[in-house]
2 protein chains.
Amino acid sequence: MTPEAFRRHGHEIVDWIADYWQGIESRDVVPGVEPGELRRALPTRAPEAAEPFEAILEDVERLIVPGMAHWGHPGWFAYFPSNASPPSVLGEMLAAGLGAQCMSWVTSPAATELEQVVMAWLREALAIPEGFTGSIQDTASSATLVAFLTARDRLGPDAARMTAYWSREAHSSVAKAARLAGIPPERCRVVEVDQAWALRPDHLAALLAQDRAAGLVPGIIVASMGTTSSTACDPIRAVGELARGARAWYHVDAAYGGTAAILPEIRPLLDGLELADSYVTNPHKWLMTSFDCTAYFVRDVEALLSTCRTSPEYLRTAHDPEVVNYRDWGIPLGRRFRALKLWFVLRSYGLAGLRELFRGHLALAQELAGWVDGTQGWERLAPVPLGLVCFRHVPPTLAGDEQALARHNAGLLARVNASGRVFLTHTTLGERYTIRMSIGQFRTERRHVESAWELLREAATER
Amino acid sequence: MTPEAFRRHGHEIVDWIADYWQGIESRDVVPGVEPGELRRALPTRAPEAAEPFEAILEDVERLIVPGMAHWGHPGWFAYFPSNASPPSVLGEMLAAGLGAQCMSWVTSPAATELEQVVMAWLREALAIPEGFTGSIQDTASSATLVAFLTARDRLGPDAARMTAYWSREAHSSVAKAARLAGIPPERCRVVEVDQAWALRPDHLAALLAQDRAAGLVPGIIVASMGTTSSTACDPIRAVGELARGARAWYHVDAAYGGTAAILPEIRPLLDGLELADSYVTNPHKWLMTSFDCTAYFVRDVEALLSTCRTSPEYLRTAHDPEVVNYRDWGIPLGRRFRALKLWFVLRSYGLAGLRELFRGHLALAQELAGWVDGTQGWERLAPVPLGLVCFRHVPPTLAGDEQALARHNAGLLARVNASGRVFLTHTTLGERYTIRMSIGQFRTERRHVESAWELLREAATER
């Protein structure tokens, strides 16, 4: 494909995307497709001869888009948001066109330095304490794994007696990181939570004391700011003090919630963060940056490097002693130019613009929580410190019957989602089936939340 | 930013990219910037107020682009190619606009199924034996780590006695994977290589026998098809037979070379691949697919899943029993829609078009090897089975003095790179400083290789 043909088709794609966004509200949020539909519609072999780009774009429209869930739909209340904002998409486009490979300073000097600059910007914008240095990783899962590996490696031979701690409500990537890091289940401790689903420091303290008495070595403690099930916020300072006392690595997982600290009023939820050794938050969720873009901050860069560094002859450069080579800051060698889109986002919206967006979502979540609280037959199941509301419908006839309530709410959720106008997901809190309504898609306005709430109430009366 | 503003700026970016590509040859391949230049030129804080997109794009042109190394330059002979072809960039653009998050089938049904389809296409196009199932990972580093983790986990308690094997010439990501997987240096074996820099099965057999006699458990053996230093190709079948005999996991790393198996004449280099348990190759190097896009094939999907699967309530869906959820196939939970660009590439070029590209590069590499061989004072240091030529200049006055030869060739390389017309990197083979000239950038034509060779010969006469 010549640059001129790219220019023509590139303009077509830009127009397609702009049209797609303008019409996104008229689409069903999730498609009504069945497993295997697309597979059956496509040939089983790659074509031998080149095909015109027009044919490919036609297939995108005819086969791919009807099978996509639309994360950019204003009725997207599922999981957590994944905000592919327009400036961010422009950044992705430009990064793709530049085709840079950012493993080392020398392979993309400006990309390396822009990453240093935007990570410093982000550290200050999110009130992350001084002394932390950031880098971009693909996902919080990978960053948390890196935290576990670093914590393990710095123990040396004691790693064989290493124990790890996280709350019952911590994200599944934490248990996965422990497993991948080779910490067996018998040395992993699940800490109990309080009524707000937050980690109980008293239980953590008891577990630590027990393990030390048994000759084990507490190696890592994870606290969450904004859990996935309910956005519970663990007491960062209290856990940090226990971690310090135990000389354990302290990892704070704020994958979803951390970027809300762009608002001063949210920062108390992160009080004590200066006690952490590592901290992860995802601009690719709420902070308008398209996936993937995880910010991973560490206090002791040397510890991270000693776990992740390699230096084969074919990668050495004369500049190595004086530059940052981000290939040594994580698992992959190759790295995309992800700093560019984050730079575009921070400049296009400005911190003031981003604060306004976050405040809007938080206000909508509070409003929804108020409707749940004020409506008979509905029960809220968790506090709402951020943008997620957890609740269920409790018809008087089913009250007390957890199994029946689970079936009733699962049915209700399925009916609401089948409308195509919204998409919500579920979790369990304690033994209770819980509907999660996450407000953070940047196209979501008050009317969308209102209409979702209406849909829910209507669906609750159907059987 | 409104969709209309995106449309306007999107068109600007498309034009910018097309112009950039059309003028890329007139740029210096690598910039003449010093460490810290960009950092000093940028503000230390994110802006409080939104900035117009024009100002951002102006800064890209003024500050970012002059600090980029141009991987798309036809004079790019460094490392291995990273081909951001036009159809691939169109795929990246569209994927960014769709903003999909492909962790589960339900979160993007078409993306999941397209990944199944293109992995099946790729398996057949690259003559990967039946029985292998592919998925897309970010990098070969991550895929190799996953192979190590899977190999470790299937040993159960025997993992504590697990040994691992790879050749002296294997990629640095292999040793890194072993370290991250928690296999200590005293259980890692580096196998000697032959004169073509390929793994010596006789030495591997001896190491395996020795370890088994010592009560250790051979857990994983890695063979390379196309090493990074010299594109050496280990004997896949012989190593595979030893792996089978030792009941060790057999991982074949063909990150660079594997996609060349689109050519039937290259396939003998992969003879015996049916003995492998896992296989990795990178469409994001030579196969015209922009970074990142690694293809990871495994024989026993269940073993992979049992290492990587998580199933918290908030991710469960009614479809789980009948669909593939790719979040369970690797380390990260979140996943971009990378199948789209690979689909665009395979269709836009067709297999015939891709074969022509590969054959062109291979012929140029043979031609360059011939020039090196036929020119007095130059020494070729490795066979040329793929697109890389390894050589050095040996002036008669320095012959036999390895240190002087290293200094001489490093100086020569620096002068050639300072021209701005080409970029080449180095390695060491044995004790010898080696210039690597990798031919695989899709814009590279015969005249660029010729002109690089002229530059090298001229630089060799300077001191």
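Residues numbered from 1 in each chain as written. Chains lettered and ligands numbered in written order. Predicted model: local features only at pLDDT ≥ 70, side-chain atom pairs only at ≥ 80, totals over all residues.

Q: Please clarify how the overall build of chain A should be interpreted in this entry.
A: Along its length, chain A carries 13 helices and 11 strands. A compact globule built from 463 residues should have a C-alpha radius of gyration of about 23 Å, and chain A, at 24 Å, falls within 12% of that. Considered along the principal axes of its C-alpha atoms, chain A spans approximately 70 × 55 × 45 Å. Pairs at least 24 residues apart make up 75% of the contacts formed inside chain A by residues separated by at least 6 positions. (Helix = DSSP H or I, 4+ residues; strand = E, 2+ residues; numbered from the N terminus. Rg over C-alpha atoms; globule rule 2.2 N^0.38 Å. Contact = placed C-beta atoms within 7 Å.)

Q: Can you help me understand helix α3 (residues 53–64) of chain A in this one?
A: Each α-helix turn comprises 3.6 residues. Residues three or four places apart therefore point the same way. Listing the buried residues of α3(A) in full gives Phe53(A), Ile56(A), Val60(A) and Ile64(A). Take α3(A) and look down its axis: the buried residues cluster within an arc of 55°, on one side only. In α3(A), the exposed residues that point more than 90 degrees away from the buried face are Glu54(A), Ala55(A), Glu58(A), Glu61(A) and Arg62(A). Looking at the buried positions of α3(A), the neighbouring elements they touch are α1 (3–22) of chain A together with α4 (86–98), α5 (109–125) and α11 (339–374) of chain B. (Buried ≥ 20, exposed ≤ 12 C-beta atoms within 10 Å, placed from the backbone. Arc of directions from axis to C-beta.)

Q: Got a minute to help me understand the nonpolar core in this structure?
A: One recurring pattern in soluble globular proteins: nonpolar side chains tend to sit buried together. Counting 322 residues, the largest nonpolar core has Leu114(A), Val118(A), Ile221(A), Leu114(B), Val118(B) and Ile221(B) as its most contacted members. Not counting chain neighbours up to four residues away, the residues in contact with Leu114(B) comprise Leu38(A), Ile64(A), Ala339(B), Leu340(B) and Trp343(B). (Core = buried A, V, L, I, M, F, W, Y, C linked by C-beta atoms within 7 Å.)

Q: What is the right way to look at the interface of chain A and chain B in this model?
A: Think of interface size as the accessible area that goes away when the parts come together; that is how it is often given. With 110 residues of chain A in contact, the opposing surface of chain B contributes 110 residues. For the side of chain A that touches chain B, the leading source of residues is α1(A), giving 15 residues. Grouping the constituent residues of the side of chain A that touches chain B by class yields 61 nonpolar, 32 polar and 17 charged. (Nonpolar A, V, L, I, M, F, W, Y, C, P; charged D, E, K, R; others polar.)

Q: Please clarify how the relation of the copies chain A and chain B should be interpreted in this entry.
A: Here the second copy of the chain follows from the first by a rotation about an axis and a shift along it. Once turned by 180° and shifted 0.0 Å along the axis, chain A lies on chain B with an RMSD of 0.0 Å. Those values place the two copies in the arrangement expected of a two-fold rotation axis. Of the residues that chain A buries at the interface, 100% are likewise interface residues in chain B, meaning the two copies contact each other through the same surface. (Least-squares fit on C-alpha atoms with pLDDT ≥ 70 in both.)

Q: When you look at the sheet that holds strand β1 (residues 133–137) of chain A in this model, what are you seeing that I'm missing?
A: Two strands in a sheet stick together by hydrogen bonds in their backbones, pointing the same way (parallel) or opposite ways (antiparallel). Residue and element names in this part refer to chain A. Overall, mixed pairing links the seven strands, which are arranged β1-β7-β6-β5-β4-β2-β3 in an open sheet. The open sheet has two free edges, formed respectively by β1 and β3 (188–191), since each of these has just one partner strand. Across the sheet, the axes of successive neighbouring strands diverge by a mean angle of 20°, strand direction being ignored. Note: strand β6 (residues 278–281) against strand β7 (residues 294–298), four bridges, orientation antiparallel. Residue pairing in the sheet places Tyr279 in a bridge with Phe297 of β7. In the packing of helix α5 (residues 109–125) onto the sheet, contacts are made with β1 and β7, and the angle to β1 comes to roughly 115°. (Pairing = 2+ DSSP bridges. Axes fitted to C-alpha atoms, helices over the stretch in contact; angles between N-to-C directions.)

Q: Is there a simple way to explain the environment of Arg237(A) in this structure?
A: Residues and elements named next belong to chain A. Relative to the helices and strands, Arg237 resides in helix α9 (residues 236–246). Owing to 16 C-beta atoms within 10 Å, Arg237 belongs among the partly exposed residues under this scheme. Distance in space between the C-alpha atoms of Arg237 and Pro201 is 9.9 Å, their sequence separation being 36 residues. Apart from residues lying up to four places away in sequence, Arg237 is in contact with Asp271, Gly272 and Leu275.

Q: What should I look at first to understand the environment of Ile13(A) in this one?
A: One can find Ile13(A) in helix α1. For the pair formed by Ile13(A) and Asn417(A), sequence separation is 404 residues and the distance between their alpha carbons is 29 Å. Sequence-distant contacts of Ile13(A), defined by excluding residues within four places in its chain, comprise Leu90(B), Met93(B) and Leu94(B).

Q: What should I look at first to understand the sheet that holds strand β3 (residues 188–191) of chain B in this one?
A: Residue and element names in this part refer to chain B. Overall, mixed pairing links the seven strands, which are arranged β1-β7-β6-β5-β4-β2-β3 in an open sheet. Of all the strands in the sheet, just β1 (133–137) and β3 have a single pairing partner and so form its edges. For this sheet the average axis-to-axis angle between neighbouring strands, irrespective of direction, equals 20°. Of the pairings in the sheet, the one linking β1 to strand β7 (residues 294–298) comprises five bridges and is antiparallel in character. Looking across to β7, one finds that Ser135 is bridged to Tyr296.

Q: Explain unusual backbone geometry here, please?
A: Residues and elements named next belong to chain A. The omega torsion of the bond from Phe291 to Asp292 falls at 5°, within 30 degrees of zero and hence cis. Looking at the element boundaries, Asp292 is found in the loop between β6 and β7. For Thr231, which is not a glycine, the phi torsion comes out positive at approximately 55°. Summarising the element assignment, Thr231 is placed in the loop between β4 (217–224) and α9. Of the residues examined, Thr231 has 28 C-beta atoms within 10 Å and is grouped as buried.

Q: Would you take a moment to explain the pairing of β6(A) for this structure?
A: The two faces of a sheet get side chains in turn, since along a regular strand they alternate between them. All names here are of chain A. The alternating pattern of β6 places Ser278 and Val280 and Tyr279 and Thr281 on opposite faces, both of which are buried. Relative to β6, strand β5 (residues 249–253) runs parallel, the two being bridged by three bridges. Looking across to β6, one finds that Val252 is bridged to Tyr279.

Q: What is the right way to look at the packing of helix α4 (residues 86–98) of chain A against α4(B) in this model?
A: Here α4(A) crosses α4(B) at 165°, and the two axes come no closer than 9 Å. In this view, α4(A) runs roughly antiparallel relative to α4(B), as classed from their interaxial angle. Considering the relative orientation of α4(A) and α4(B), their crossing is right-handed. Contacts between α4(A) and α4(B) involve Val89(A), Glu92(A), Met93(A), Ala96(A) and Gly97(A) on the former and, on the latter, Val89(B), Glu92(B), Met93(B), Ala96(B) and Gly97(B). Taken together, the residues that form the contact of α4(A) with α4(B) break down as six nonpolar, two polar and two charged. (Parallel < 35°, antiparallel > 145°, perpendicular 65-115°, else oblique. Left-handed = near helix turned anticlockwise from the far one by under 90°.)

Q: Teacher, can you tell me more about the packing of α1(A) against helix α1 (residues 3–22) of chain B here?
A: The angle between the axes and the distance between the axes are what describe a pair of packed helices. One way to put it is that α1(A) packs onto α1(B) with a least axis distance of 9 Å and a crossing angle of 165°. Taken as axis vectors, α1(A) and α1(B) run roughly antiparallel relative to one another. The handedness of the crossing between α1(A) and α1(B) is right-handed. From α1(A), Pro3(A), Glu4(A), Phe6(A), Arg7(A), Gly10(A), His11(A), Val14(A), Asp15(A), Ile17(A), Ala18(A), Trp21(A) and Gln22(A) reach across to α1(B), where they touch Pro3(B), Glu4(B), Phe6(B), Arg7(B), Gly10(B), His11(B), Val14(B), Asp15(B), Ile17(B), Ala18(B), Trp21(B) and Gln22(B). Tallied by class, the residues present in the contact of α1(A) with α1(B) amount to 12 nonpolar, six polar and six charged.

Q: Is there a simple way to explain the environment of Ser82(A) in this structure?
A: Inspection of the secondary structure assignment puts Ser82(A) in the loop between α3 and α4. Exposure remark for Ser82(A): the 25 C-beta atoms within 10 Å place this residue in the buried category. When the C-alpha atoms of Ser82(A) and Phe291(A) are compared, they prove to be 6.8 Å apart, with 209 residues separating the residues in sequence. Among all residues touching Ser82(A), those that are not within four sequence positions of it are Trp71(A), His284(A), Lys285(A), Phe291(A), Gly99(B) and Gln101(B).

Q: What's the story with the confidence of the model for chain A in this structure? I'm lost.
A: With 100% of its residues at a pLDDT of 70 or more, chain A shows a mean pLDDT of 97. Scoring of the predicted complex yields 0.98 for pTM and 0.97 for ipTM. (pLDDT = per-residue confidence, 0-100.)

Q: Would you take a moment to explain α4(A) for this structure?
A: Across its 13 residues, α4(A) extends 18 Å between first and last C-alpha, which sits within 8% of the 18 Å expected from 1.5 Å per residue. Gly99(A) lies just past α4(A) and shows a positive phi near 60°. (Expected span 1.5 Å × (residues − 1).)

Q: Explain the pairing of strand β11 (residues 432–438) of chain A here, please?
A: Residue and element names in this part refer to chain A. Of all seven residues that make up β11, six are buried, and the element is covered over most of its length. Pairing analysis gives four bridges linking strand β9 (residues 388–393) to β11, with the strands arranged antiparallel. From the neighbouring strand, Leu388 faces β11, where its bridge partner is Ser438. Looking at chain direction, strand β10 (residues 425–429) and β11 are connected through five bridges and run antiparallel. Within β11, the residue paired with Thr428 across the bridge is Tyr433. Remark: two residues form the turn of the hairpin made by β10 and β11, two consecutive strands paired antiparallel; Gly430 in that turn has positive phi of roughly 65°.

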